[in-house]
Amino acid sequence: MNKKQLILHLAYLYPKSMNIYGDRGNLITLIKRYQWRNINLIIDEIEVGDNFNPTKYDFVFAGGGQDIHQLRIAEDLQNKKTAIIESVNRGTVFLLICGTYQLFGHYFITSTNNKIAGIGVLDITTIASKIKTGKTKRMIGNITTEIVIPNFKSEITTLVGFENHSGMTFINKDSSTTYPLGRVIKGFGNNGHDKTEGACYKNVFGTYLHGSLLPKNPHFTDFLIKKALENKYKSSIKLVDLNDILEYKAHQFILNHR
Ligand code: GLN
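Quick caveat, the model's predicted, so the values are computed rather than measured.

A. Geometry of unusual backbone geometry. Despite not being glycine, Cys 98 shows a phi value in the positive range, around 40 degrees. Along the chain, Cys 98 falls in helix α3 (residues 98-103). Here Lys 234, not a glycine, exhibits a phi torsion of approximately 50 degrees, which is positive. A residue is classified by how much of its surface remains accessible, and Lys 234, at 61% relative accessible area, is exposed.

The structure is reproduced here in structure tokens:
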């Protein structure tokens, strides 16, 4: 299967509004890892008002943003909702960080008690800590989790990264669709209480881990890369191994400091 030139289309959603704490590092990592394997990655940047073609993309990436940035994109996300759901149902891989992750849930209640409607792809809700507990709690710092996605096959199962949010996210307890991405070993995760981090449904992966996520976790990056290729080509793909010594040193550094 890997003989012919593989091509992947990636949509980068809202790069102008949703891009903080080095989120672009995730995209750079994807670009490099596809390039090093001679896989052609074509990227479209999609902003507010642009059309989202549900059949075009194999991978969708979107970063985080503060409440004000989320407000900027919230209405546009509603306009794209039907197309995004079609894309999700086609098995497109979505990697959504922090602010966009929250808006793929049912709603986000901000610290000023403004309820922003999400698109409900993920069975989650988010409430600013100030509203939920009466006190603003910034969940910030390096984080380590254990990946709990069923069928995640890798010798390394830890995820390391950096989180910075005050929104507390809860996966619906009775959810039949949505499950956590990780179990918190050190850090806050979704809400600082229930030890869950991130949320997944089909090939949609939401997380609070920002720009160092993919650079420091090659095993997870390749899991996403492979998923996107296999979903597009409907056959099993063997990825060429890369030299990840430096990347795993960075991973280990965070593990050692937990
Ligand atoms: N505004 C959201 C919060 O603080 C998201 C922040 C972010 O994307 N880092 O919860």
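B. Spatial organisation of the UniProt feature "active site" (unreviewed entry) in the protein. As annotated in UniProt, the feature "active site" (unreviewed entry) corresponds to Cys 98 and His 210 in the numbering used here. In sequence the annotated residues extend across 113 residues, while in space they remain close, none of their C-alpha pairs exceeding 7.3 Å. When the annotated set is filtered for residues lining the largest cavity, what remains is Cys 98. Leave out the neighbours within four places in its chain, and Cys 98 touches Gly 64, Asn 164, His 165, Thr 207, Tyr 208 and His 210. Within the secondary structure, His 210 is located in the loop between β14 (204-207) and α5 (213-216).

C. Summary view of the layout of surface pockets. Here the largest pocket defines a volume of roughly 510 Å³. Along the walls of the largest pocket sit 20 residues, with Lys 153, Asp 222, Phe 223, Lys 226 and Leu 239 positioned nearest its centre. Element by element, the count of residues in the lining of the largest pocket is highest for helix α6 (residues 218-233), at 7 residues. Its residues placed into classes, the lining of the largest pocket shows 7 nonpolar, 3 polar and 10 charged.

What counts, and at which threshold
Throughout, a residue's number is its position along its own chain's written sequence, starting from 1. Two thresholds apply to this predicted model, a pLDDT of at least 70 for residue-level local features and 80 or more for giving and counting side-chain atom pairs, whereas whole-chain, interface and lining totals are computed over all residues. As a convention, hydrogens and water are excluded, and side-chain values are obtained from all of the structure's heavy atoms. What counts as a helix is a DSSP run of H or I of at least four residues, what counts as a strand is a run of E of at least two, and both are numbered from the N terminus. Each residue gets one of three labels from its accessible area relative to the maximum for its type: buried under 20%, exposed over 50%, partly exposed in between, using a 1.4 Å probe on protein chains only. UniProt positions are given in the numbering used here, feature names are shortened, and annotations may be inferred rather than shown by experiment. Only protein atoms enter the 1 Å grid used here. Points where a 1.4 Å probe fits but cannot escape make up a cavity, open sets with protein on both sides within 12 Å along at least five of seven lines make up a pocket, and a residue lines them when an atom lies within 4 Å of a point. It only takes one pair of heavy atoms within 4.5 Å for two residues to be counted as in contact. Grid points are joined across faces, edges and corners, and a volume is the space filled by probe spheres set on the points. Polar here means any residue outside two lists: the nonpolar Ala, Val, Leu, Ile, Met, Phe, Trp, Tyr, Cys and Pro, and the charged Asp, Glu, Lys and Arg; Gly therefore counts as polar.

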